[in-house]
Amino acid sequence: MTIPRLKRIKVSSTTELRNWLDKNAGRRQEVMIVTCDKTSRTKHISRDQVKDALGNAGWNAGRSYTLDGNLVGHVISHP
């Protein structure tokens, strides 16, 4: 499986994610939100938390990818 080459935005809390989504509400291109997996307990954001934040801010969740190390990439877009 090929990981898409998109702009990557690394976030380490749901607050940081919500702030980025709000500030970029006008963005019309896909990006990849990068979070840490469960092994990084203090920085972990679950897929459900990402989906909830996206839905509340009017963004769409796409496919998720396992990246290098303990990172997870979530493809998102704004309708």
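This structure is a prediction, so every number in the text was calculated from the model and none was measured. (Residues numbered from 1 in each chain as written. Predicted model: local features only at pLDDT ≥ 70, side-chain atom pairs only at ≥ 80, totals over all residues. Heavy atoms only, no water.)

Asks: Break down the nonpolar core for me, with residues and values.
Replies: Residues Leu17, Trp20, Leu21, Ile33 and Ile76 are the most contacted members of the largest nonpolar core, which totals 13 residues. Of all elements in the fold, only α1 (14-23), β2 (31-36) and α2 (47-57) reach the threshold of two or more residues within this core. If we ignore the near neighbours within four places in the chain, the residues touching leucine 21 are Ala53, Leu54, Ala57, Trp59 and Ile76. (Core = buried A, V, L, I, M, F, W, Y, C linked by side-chain atoms within 4.5 Å. Buried < 20%, exposed > 50% of the residue type's maximum accessible area, 1.4 Å probe, protein only. Helix = DSSP H or I, 4+ residues; strand = E, 2+ residues; numbered from the N terminus. Contact = heavy atoms within 4.5 Å.)

Asks: Describe the environment of lysine 43, listing the residues and the values that go with them.
Replies: One can find lysine 43 in the loop between β2 and α2. On a C-alpha basis, the gap between lysine 43 and threonine 14 in space is 9.4 Å, while along the polypeptide they are 29 residues apart.

Asks: Quick rundown of the sheet that holds β2? Include the residues and the values.
Replies: Strands in a sheet are paired, the pairing made by backbone hydrogen bonds, and the direction either parallel or antiparallel. The strand order β1-β2-β4-β3 describes an open sheet built from four strands, whose pairing is mixed. The sheet is open, and its two edges are formed by β1 (8-10) and β3 (60-66), each paired on a single side. Each strand of the sheet is rotated relative to its neighbour by a mean of 30 degrees, with strand direction disregarded. The strands touched by α1 are β1, β2 and β4 (71-77); relative to β2, the strand with the most contacts, the crossing angle is about 170 degrees. (Pairing = 2+ DSSP bridges. Axes fitted to C-alpha atoms, helices over the stretch in contact; angles between N-to-C directions.)

Asks: Quick one: what's the story with α2, residue by residue and with numbers?
Replies: Inspection of α2 places Val50, Ala53 and Leu54 among the buried residues, and these make up the whole buried set. Looking down the long axis of α2, one finds its buried residues gathered within 100 degrees of arc, a one-sided arrangement. Turned more than 90 degrees away from the buried face of α2 sit Asp48, Gly55 and Asn56, all of them exposed. In this structure, the buried side of α2 is in contact with α1, β2, β3 and β4. Count one or two residues on from α2 and you reach glycine 58, which has phi positive near 85 degrees. (Arc of directions from axis to C-beta.)

Asks: Tell me about the environment of isoleucine 76, and name the residues and values.
Replies: By the secondary structure assignment, isoleucine 76 is in strand β4. Setting aside its immediate chain neighbours within four residues, isoleucine 76 contacts Trp20, Leu21, Gln29, Glu30, Val31, Ile33, Leu54, Trp59 and Asn60.

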